[in-house]
Amino acid sequence: MGLRTILHDSDPTLRKQSREVTNFDRRLHDLLDDLAETVAHANGAGLAAPQAGILRRVCVINVDGLIELVNPRITASDGTQEGAEGCLSIPGRTGLVKRPNRVIVEAQNRHGKSVVLEGEGFLARALCHELDHLNGVLYTDVMERFMTLEELAELDKEDEEE
Ligand code: CO
């Protein structure tokens, strides 16, 4: 166990529906541990099981700490935000994507216990992005357009000023 290979967007696995998790067993725990290790290593905001070639409804979010989600679904959302979004399966590109500004997600933890999570701003964006992966959807399917090099340079400047 350890780092998993991240599939690239040309891989047809990324277009498939993931299946519900029904066994909260060692195999699931190993998968969650590996996703956490892989997303941290890649310095990503999230990673979904299908990106590692596993078609199960499992993902991790790496925004202000690690969140593990099993069988997650969005039960409420409001507002809109438009911003930059990338994906570990689409290296070197950034899209301009509209997302809800706030979402409520119901899911299970690694032991099968129900959890409810509220995300705003970037966390809401990351949740929408990872949940889309479980339905075979990539941000490039829902984006306005790819961002230009000039726009990305501008974003970098803003980050440095923060
Ligand atoms: Co992604």
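This one's a predicted model, so the numbers in the text were calculated from it and none came from an experiment.

Draft legend 1. Geometry of the sheet that holds strand S8 (residues 145–146). With respect to topology, 3 strands assemble into an open sheet ordered S4-S5-S8, the strand pairing being antiparallel. Each edge of the open sheet carries a strand with a single partner, namely strand S4 (81–85) and S8. Taken together, the 5 bridges between S4 and strand S5 (residues 95–99) define a ladder with antiparallel strand orientation. Residue glycine 83 lies in a different strand from S5, and its bridge partner there is valine 97.

Draft legend 2. Region of the structure containing the coordination of the cobalt ion. The coordination sphere of the cobalt ion contains the protein donors Cys87 (SG), His129 (NE2) and His133 (NE2), at a distance range of 2.1 to 2.3 Å. Read in sequence order, the donor residues for the cobalt ion give the motif C-x41-H-x3-H. Note that cysteine 87 is positioned in the loop between S4 and S5 and histidine 129 in helix H2 (residues 122–133), a separation of 42 residues in sequence. Look at cysteine 87 and you get buried, because its relative accessible area is 10%.

Draft legend 3. Here's a closer look at the nonpolar core. By size, the foremost hydrophobic cluster in this structure holds 17 residues, and its most contacted members are Ile61, Ile67, Leu69, Val103, Leu123 and Leu127. Counting only elements with at least two residues in this core, the list comes to strand S2 (58–62), strand S3 (66–78), strand S6 (102–108) and H2. In terms of residue count, H2 provides more of this core than any other element does, 6 residues in total. Counting 13 residues, the second largest nonpolar core, distinct from the first, contains Ile6, Leu32, Leu35 and Val60.

Draft legend 4. Geometry of the pattern of salt bridges. Applying the stated criterion across every chain yields a total of 13 salt bridges. The residue glutamate 151 makes a salt bridge to arginine 145 at a minimum N-O spacing of 2.9 Å. Taken together, the salt bridges that share partners define one network made up of Glu85, Arg99, Arg125 and Asp132.

Draft legend 5. Main features of the sheet that holds strand S7 (residues 114–120). The strand order S1-S2-S3-S6-S7 describes an open sheet built from 5 strands, whose pairing is antiparallel. At either end of the open sheet lies a strand with only one pairing partner, and these are strand S1 (46–48) and S7. Recorded for the sheet is a direction-independent mean angle of 40° between the axes of neighbouring strands. In this sheet, S6 lies alongside S3 in antiparallel orientation, the contact comprising 6 bridges. Residue pairing in the sheet places aspartate 78 in a bridge with arginine 102 of S6. Packing of helix H1 (residues 26–41) onto the sheet brings it into contact with S1, S2 and S3, and relative to S2 it is tilted by some 35°. Each of S1, S2, S3, S6 and S7 is contacted by H2, which is oriented at about 125° to S7, the strand it contacts most.

Draft legend 6. View of the pairing of S5. For S5, the tally of buried residues reaches 4 of 5 residues, placing the bulk of the element in the interior. Of the strand pairs in this sheet, S5 and S8 are connected by 2 bridges, and their pairing is antiparallel. Looking at the pairing, glycine 95 lines up with phenylalanine 146 of S8.

Draft legend 7. Looking closely at unusual backbone geometry. One non-glycine residue, aspartate 64, lies in the positive phi region at around 55°. By the element assignment, aspartate 64 lies in the loop between S2 and S3. On the basis of relative accessibility, which here comes to 84%, the residue aspartate 64 falls in the exposed class. A positive phi angle is found at asparagine 71, which is not glycine, with a value near 55°. Within the secondary structure, asparagine 71 sits in strand S3.

Reading guide: rules and limits
- Residues numbered from 1 in each chain as written.
- Predicted model: local features only at pLDDT ≥ 70, side-chain atom pairs only at ≥ 80, totals over all residues.
- Heavy atoms only, no water.
- Pairing = 2+ DSSP bridges.
- Helix = DSSP H or I, 4+ residues; strand = E, 2+ residues; numbered from the N terminus.
- Donors = N, O, S within 2.8 Å, 3.2 Å for Na, K, Ca; no water.
- Buried < 20%, exposed > 50% of the residue type's maximum accessible area, 1.4 Å probe, protein only.
- Core = buried A, V, L, I, M, F, W, Y, C linked by side-chain atoms within 4.5 Å.
- Salt bridge = Lys/Arg side-chain N within 4 Å of Asp/Glu carboxyl O.
- Axes fitted to C-alpha atoms, helices over the stretch in contact; angles between N-to-C directions.
- Contact = heavy atoms within 4.5 Å.

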